[in-house]
Amino acid sequence: MAQLQANDLTLAYDKVTIVDELSLDIPTGEVTIVVGANGCGKSTLLRALSRLLKPAGGKVLLDGQDIHTKPAKEVAKTLGLLPQSPTAPDGITARELISRGRYPHQGLFKRFSAEDEAAVNRALELTGTMELADRAVDELSGGQRQRVWIAMALAQETELLLLDEPTTFLDVAHQLEVLDVISELNRTRGITVVIVLHDLNLAARYADHLVALREGKIYAAGHPNEVVTERTVKDVFGMPSRVIPDPVAGTPLVLPIGRHRVLRTENVLAAQGIVRSPEFVELTKSAVKQEPTVADELQTPVLAPQEVEPAQLRPGAEHLATLAYQCMVMRTQDLTPAFRRITVGGTDLSHFGTNSHSLDMRIKLLLPPAGGSALTEEIAALRPEALSSPAGQEGWYRRWLSIDPSSRGYMRTYTVRAFREVGHRDNLGDTAELDIDFVMHGQVVNGALQGGPATEFADRAQVGDELLLLGPNRALSDETYGGIEFRPGGARRVVLAGDETAAPAICAILEALPANVTGHALIEVPDTDDILGASTRSGVSVQWLTRGTNEHGVLLAAAVKDVVAIPAAGAVHTDADPEDIDIDEQILWETGAAESAPFYAWIAGEAGMVKELRRYLVREAGINRKQVAFMGYWRRGKTEN
Ligand SMILES: Cc1cc2nc3c(=O)[nH]c(=O)nc-3n(C[C@H](O)[C@H](O)[C@H](O)COP(=O)(O)OP(=O)(O)OC[C@H]3O[C@@H](n4cnc5c(N)ncnc54)[C@H](O)[C@@H]3O)c2cc1C
């Protein structure tokens, strides 16, 4: 397969530098889409990649050879280009135009051969333009014309196809028609495609590899899930936005914020004498990052709720980073003997999320006391529509803790296994929905499971039951949300290790990992029947360990030692001895954010097991603690709080 690269490429018109020392490897067999603001150099780059523009510095390499040292006709046998807004000669038919694509294959005196004829017919077929073959190109609609141009580039039968803004001036249906044809060609014939596109959402949907250019340099490149972030949109397009998962394709979807609605809201609030302080949003955000632990909370006095002027009251959705979501059980599913999935939904969930993948996002479940309700005054004030003020909400958790559990109920921590917006292809309901995978631990007494309030809830849950949960408010949370601990930074090799309580988080992380990450996922579950499916595009190998009669964590510890040898590859050796933590008194919770280290480990499960792995990884394998997250998800013999 042909390979295309740019090495230190500088491109200039009239001594004005447009592209500056840019290096780029086009992934073979994939669709690469180049995006960027007008004038950032993306079309100029495409011209240079296709040999139309000679670089002022650096080289374009086609199969390792400088493209400018190759004759144009030879390049055209490997690489086809569809320029921006091409014009066809008057009166030419579609078939005649497409036949011109065969030019590089014809010798000086050679006539149009049977082989050429066959190539043209193939191109007509692949682009669905056979019925247009004898029509004049200038009579066709924009979408049809563009398909004919693509057919011309295809008739060239090249392994590489470069297209400059192939959807410009087309309405949205025709834009999709053109991109679907290109995508199908890539999938069915393995053609390497490079497209310059101005529509970021279509680019995120169709690209395998996305390149964002800013002022002639690569700002970010990789899988769309990695590249399309609110930060990139701001820096590359100068536009504040929200990025949410596209409910149709699951790829990132950019929603520009603009000023229109923001100004209107401010006006309405100002008319009611309510002034939004600029620090406010930041304050509520940091409150989530440093989630108070039970121990922290117990050290602070119980504050009575502050009196608040009615004019300062606003719906929680406007100012609370963590909201209480009142949900209903939509489905229950016994996945395996050890795992039960409870799917909840409800209109409150339209406020839920961080506008990014949930990874190992934790939520708190509020389990009602026997015969009572979990909707205490403190929790009710956290509902999205409930009126409250920041001052009035201070210390709510401490107040909730001070109530007798037999009347307030219990709080337990779980993972969002999956969150599906309304309209998601797997959500047929009319509200968003969320899956939670419960480990069914405990003992069956008189036909009912006794294992703790959360497990007992899951055991008895019926469609229509209520469940309250606490989670992020999407209006005030982004991918930096404090309830997500998986922070691998730039690490390309990861180890994910955990027992069954960490399986939902590991499976969710695996689904989000991009193709260029490798490593190991090690998951210890009670039995062979408890092995769940895990899917990933990454190169991470997934190993399920079945405990059987072994002690909890023994197999996992051995497997971690196998994959993280001493000294660990990519580890920054520190020789540090981790300080002892009394896991029966304290929560074992150490999470670092890897920045540029090549290796990152994420370990969760029973606290004793995690402590053992922490000792091995930090002391014996010498891994820097910034490169590891150690999380005691539960402690043998202890309830969560
Ligand atoms: C960030 C985070 C994410 C989590 N995600 C999940 C998740 O997605 N799914 C999940 O099932 N759990 C998850 N957990 C673990 C879960 O919070 C605990 O297992 C919790 O204790 C269960 O609550 P409970 O009411 O059933 O039991 P509790 O009332 O807390 O405990 C009752 C008894 O059961 C024991 N026990 C608790 N959990 C287990 C277990 N798994 N196996 C055997 N004995 C146990 C306790 O030691 C105690 O003796 C997560 C924990 C954290 C911190």
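As shown above, the structure is provided for reference.
Let me sum up the structure you'll find in this document.

Conventions used here
- Residues numbered from 1 in each chain as written.
- Predicted model: local features only at pLDDT ≥ 70, side-chain atom pairs only at ≥ 80, totals over all residues.
- Axes fitted to C-alpha atoms, helices over the stretch in contact; angles between N-to-C directions.
- Helix = DSSP H or I, 4+ residues; strand = E, 2+ residues; numbered from the N terminus.
- Parallel < 35°, antiparallel > 145°, perpendicular 65-115°, else oblique.
- Left-handed = near helix turned anticlockwise from the far one by under 90°.
- Contact = placed C-beta atoms within 7 Å.
- Pairing = 2+ DSSP bridges.
- Expected span 1.5 Å × (residues − 1).
- Buried ≥ 20, exposed ≤ 12 C-beta atoms within 10 Å, placed from the backbone.
- Arc of directions from axis to C-beta.
- Near = placed C-beta within 6 Å.
- Nonpolar A, V, L, I, M, F, W, Y, C, P; charged D, E, K, R; others polar.
- Core = buried A, V, L, I, M, F, W, Y, C linked by C-beta atoms within 7 Å.

What to know about the packing of helix α4 (residues 114-126) against helix α5 (residues 142-155)
To characterise two packed helices, one gives the angle between the axes of the helices and the distance between these axes.
And step 1. In contact at an axis separation of 8 Å, α4 and α5 are set at 140 degrees when each is read in the N-to-C sense. Taken as axis vectors, α4 and α5 run oblique relative to one another. Considering how the two elements wind past one another, α4 and α5 form a crossing that is right-handed. On α5, the residues touching Ala 119, Val 120, Ala 123, Leu 124 and Leu 126 of α4 are Ala 151, Leu 154 and Ala 155.

A few points about the sheet that holds strand β24 (residues 493-498)
And step 1. Ordered by their spatial adjacency, 6 strands build an open sheet running β26-β25-β24-β28-β29-β27, and the pairing between neighbours is mixed. Taken across any chain shown, the strands that pair with only one partner, and hence form the sheet edges, are β26 (539-546) and β27 (589-591). Sheet twist, expressed as the mean angle between neighbouring strand axes with direction ignored, is 10 degrees.
And step 2. Packing against the sheet, helix α20 (residues 554-563) makes contact with β24, β25 (518-525) and β26, and its axis sits at approximately 170 degrees to β25.

Looking at helix α6 (residues 172-189)
And step 1. Along its 18 residues, α6 runs 26 Å from first to last C-alpha, staying within 8% of the 26 Å computed at 1.5 Å per residue.
And step 2. For α6, the complete set of buried residues consists of Gln 175, Val 178, Leu 179, Val 181, Ile 182 and Leu 185. Looking down the long axis of α6, one finds its buried residues gathered within 145 degrees of arc, a one-sided arrangement. Pointing more than 90 degrees away from the buried face of α6 are the exposed residues Val 172, Ala 173, Asp 180, Arg 187 and Thr 188.
And step 3. For α6, the elements touching its buried residues are α4, α5, β7 (160-164), β8 (192-196) and α7 (200-206).

Examining the site of the ligand
And step 1. What surrounds the ligand is a group of 24 residues, the closest being Thr 415, Val 439, His 441, Gly 452 and Thr 455.
And step 2. Of all the secondary-structure elements, those providing two or more residues to the shell around the ligand are β18 (410-415), β20 (433-439), α18 (453-460) and β29 (628-634).
And step 3. Sort the elements by how many residues they give to the shell around the ligand and β18 lands first, with 4 residues.
And step 4. Across the shell around the ligand, the residue classes break down as 8 nonpolar, 9 polar and 7 charged.

Here's the deal with unusual backbone geometry
And step 1. The backbone of Glu 21 shows a phi angle near 45 degrees, a positive value even though the residue is not glycine.
And step 2. Tracing the backbone through its elements, the reader meets Glu 21 in strand β2 (residues 16-26).
And step 3. Exposure remark for Glu 21: the 14 C-beta atoms within 10 Å place this residue in the partly exposed category.

Brief notes about the pairing of strand β12 (residues 252-256)
And step 1. In this sheet, β12 lies alongside strand β11 (residues 241-245) in antiparallel orientation, the contact comprising 5 bridges. Across the sheet, Ile 244 pairs through a bridge with Leu 253, a residue of β12.

As for the nonpolar core
And step 1. Val 494, Ile 506, Ile 509, Ala 601, Trp 602, Ile 603 and Val 610 are the most contacted members of the largest nonpolar core, which has 88 residues in total.
And step 2. Per-element accounting of this core gives the leading share, 7 residues, to helix α19 (residues 503-512).
And step 3. Ignoring sequence-local partners within four residues, the contact set of Val 494 consists of Pro 488, Val 517, Gly 519, Val 540, Tyr 600, Ala 601 and Trp 602.
And step 4. Membership of the second largest hydrophobic core comes to 76 residues, among which are Ile 18, Val 60, Leu 185 and Leu 210.

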